[in-house]
Each structure stands twice: as C-alpha cells, then as structure tokens.
Amino acid sequence: MCYITKNVQKRFIMIPFNKPYLTGQEYELIEKAFSKGKFSGNGYFTDKCHRFFKDHFGLSNCFLTNSATSALEMASLLCNITKEDEVIIPSYTFVSTATPFALRGARIVFCDSEPTSPNIDVLQLEQLITPKTKAIVIVHYAGLACDMDAIMEIANRHEIFVIEDAAHSIASLYKDKFLGTYGHFAAFSFHETKNISSGQGGMLVINDQSMINRAEKIWIKGTNQLDMQRGIIDKYEWVDLGSNFYPSEITAALLFAQLQKIEFIQKKRKTIWNTYYEQLHHLEIKEKISLPIIKDYQSNNYHIFYILCTSISERNNLIDFLKQNNVLAVFHYSALHSSPYIQEKSTNKFELPNADRYSETLLRLPLFVELELNLVTKITSLISSFYESI
Ligand SMILES: *Cc1c(COP(=O)(O)O)cnc(C)c1O
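Presented here is a report on the structure given in the accompanying data block. (Residues numbered from 1 in each chain as written. Predicted model: local features only at pLDDT ≥ 70, side-chain atom pairs only at ≥ 80, totals over all residues. Heavy atoms only, no water.)

1. Here we look at the packing of aromatic side chains
What the rule picks out here adds up to 27 aromatic pairs. Taking 6.1 Å as the distance between ring centres and 85 degrees as the angle between the ring planes, the aromatic pair formed by phenylalanine 52 and phenylalanine 53 counts as edge-to-face. An identical accessibility class is assigned to phenylalanine 52 and phenylalanine 53; each is buried. Pairing tyrosine 92 with tyrosine 358 gives two aromatic rings, centres 5.8 Å apart and planes at 55 degrees, and the pair type is tilted. Taken as a pair, tyrosine 92 in the loop between β2 (86-90) and α5 (99-102) and tyrosine 358 in helix α14 (residues 353-361) lie far apart in primary sequence, 266 residues in all. Each residue in the set Tyr92, Phe94, Tyr141, Tyr306, Tyr333 and Tyr358 is aromatic and connected to the rest through ring pairs, giving one cluster. A cation sits over an aromatic face here: lysine 36 above tyrosine 44, 3.9 Å from the ring centre. (Phe/Tyr/Trp six-rings, centres within 6.5 Å; stacked < 30°, edge-to-face > 60°. Buried < 20%, exposed > 50% of the residue type's maximum accessible area, 1.4 Å probe, protein only. Helix = DSSP H or I, 4+ residues; strand = E, 2+ residues; numbered from the N terminus. Lys NZ or Arg CZ within 6 Å of the ring centre and 35° of its normal.)

Next up, the structure:
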C-alpha cells in the first residue's frame, strides 16, 4: 500500500508530457451507441464522424479505422504494393509510416529531412525515384504541411501514389485546403497522444475516386458485405484481400464526443504553444536553441511544441535536468534507416544527416489541454536557467 501511495504522490507533482483530455460528453455518447442495439461498427457514430470530417475539413471519402497504422495498411493494399516495389518515406518518422509497406514486401527507401524542418526533403525525394518506385509516403511533421504542390507535381510526372501520413495533421492546412485533401490517400491518427483521441483510432481518406469501391471491401475483411446491406446482393462473399479494419461504434462515439470540442481543444493548445514560443524566443536570439519555423504555406495545428538543441549530450542533459525538476520532456524518432530491423536486412547504406540531427537534438515539451500557463512558464524558466548554467 505504501508503495502505491508514493507513486500516486509522485505522479501528482510531475508535469507529464501528455494527459489525454476528456470533454465530459464521452460517457453519454457511448451509452447512446449501446442504445442503438448495434455497436460492432460501421453504424450511427461512424457515419456521424465521416460526415463531420467532410463538413469541417473537406475530407470526402473517409473510412474510420482502428489506427493510423491500419489506415496505411489499407492504402498499401489499395496500391497493390508487392515485393517488386519501392516505397519512399522520410527516415525521421514513426515506424508505422514504414511497416504497412514492408508487410507487403516492398523495399523501403529512406529520404532525408529538410535542413530547416523534419519534413521530407523534396529535392532529394526526386533523386530517389526509380522505375520500381510505386508510392511516396510523406509525413506532415508536427502538423506542419509538406510542400504538397511540389510533391504532387513530382509524383504525377512519375505516376507514383502519394500517401499523406497525416497522423499529426488534423485541422491543419497547406495553403487554403486542409491536409488530407492533397495526396491520393491520407491517414489520420486518433491515438491518445494526438490532438483528438479515441484511445486507439485512425482514418483513411481516399481522394482517388476509382479506389473507393475496392476500399469498401478491404475495410470489411475483403468482403462485399456493404453491397448486401444495400440490398444489391443477398449473401456476401470473400472478394478481395482485406482485413478487419473498422472500429466499433463505441470508439466512434468516443471520437465524435471529442470532435464536438475540437475548437476548444485547438484554442487551448494554441495558447500553450504560443506561450512556449514567446517565452523561449530569447534563447533562439542568443543562438542557444532553435524553434519551429512556420512557412508561408503552412498553418499550425499546435500538435507538438519542439525545440532543437545543439547536440545530443546537451539535449539529454536538459531532459535529465527537467526530470529532476519534475517535468517530463521527451525526444522521439530514432531515424528508421538506423533501426535494428533495417540494419539487419538492408545492404544499402543511407547517409541522412538531417534525419540523424533531428533524432539527436529534437526535444518535445509537455503540451495538453489541461496544462496551465503558470506551469508552461515554470518549464520555460527551467530551460532558461539550464542554458544560463552551461
Ligand atoms: C502516431 C503516428 C502514427 C501511428 O498512429 P496509430 O494511430 O497509433 O497507428 C503513424 N505515423 C505518425 C507520424 C505518428 O505520429
């Protein structure tokens, strides 16, 4: 018992990196999902979510999935990825950007990040294209858009699919249109670490009309069950390679409750993000750290607040210093080209200095709806005093 009490106290004073936000409406909507009498999925709340994304973000053909990883697996099936194919992805990303394509046997080709942001370096991207390249997966890191005009121009010229890994990118724009509307496909995540969350959850968006019919089957175990529901056929059959990709109505109800509060959630995150920026700007002027750069064509959806330190040892010392002062700041993405799985399998040597640099120097600060501004100020004061002491 004593042990448990101690842990609870410790958690209470520690500022976590993330704390999932509940709007309060979740329980009511989940009960409503039960009351519909059918809650295995593809029902009332799944429809409500699909309509919400269409009305608010212009995402026309949506398929809720169990995760962004599942959504990317659907995209991989829809692109007919095989072991003859190459798929280009940024190395500085989460493993799920790669695995759905590796699962189909594709060779994963790693592209570097830009010098000024973790997003894919479009200049290098074109040099990596070969006759075997079938798809490019791009990641809008921290919800800040990749240069979609340039990427779509290259992809269309070479007749290659573009898949937006939009896991970070809800409610964010490239120029005047929302992310998820540019690629042939886009995958969103509603994992508890993202701005809008259903615990686990994701969504595939399809912008290539010719793919929708097949996607409906892949979504439901490779069967034509939807045609039976529409009364077109009287028994359903196995017609394609698919899986069980759709979430239950309980997950969809939870997601819909969150979506009702998206403006509030984004407003809170914006205030926190801007406070960090203003209070850390003086360290950027003194060239101690770098802050995110927002380009003309990008909007900010305040998914991540990150700083760039000057070396891995400095970054790790800062993490330790913050932890000693009860603040959890975390780094992420061991660049995938150096992962044990790729090192073991691949004979190619990738030299990706920018991806390596972000792996070694990027640090994410706590950012969640209920993070109070006086705590943000506490964190930025700690960071300032760290840099005064070195
Ligand atoms: C979170 C994340 C994913 C995976 O999302 P899940 O919903 O957990 O499968 C994929 N790509 C990126 C860039 C992510 O941050």
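Anyway, onward from the coordinates.
2. Things to note about the pairing of strand β9 (residues 202-206)
Buried residues dominate β9, accounting for 5 of its 5 residues. Burial of β9 is two-sided: the residues Gly202, Leu204 and Ile206 facing one way and the residues Met203 and Val205 facing the other way are all buried. In this structure, strand β1 (residues 62-65) lies alongside β9, joined through 4 bridges in antiparallel fashion. Residue pairing across strands places cysteine 62 opposite valine 205, the latter belonging to β9. Of the pairings in the sheet, the one linking strand β8 (residues 185-189) to β9 comprises 5 bridges and is antiparallel in character. The residue of β9 that forms the bridge with phenylalanine 188 is methionine 203. (Pairing = 2+ DSSP bridges.)

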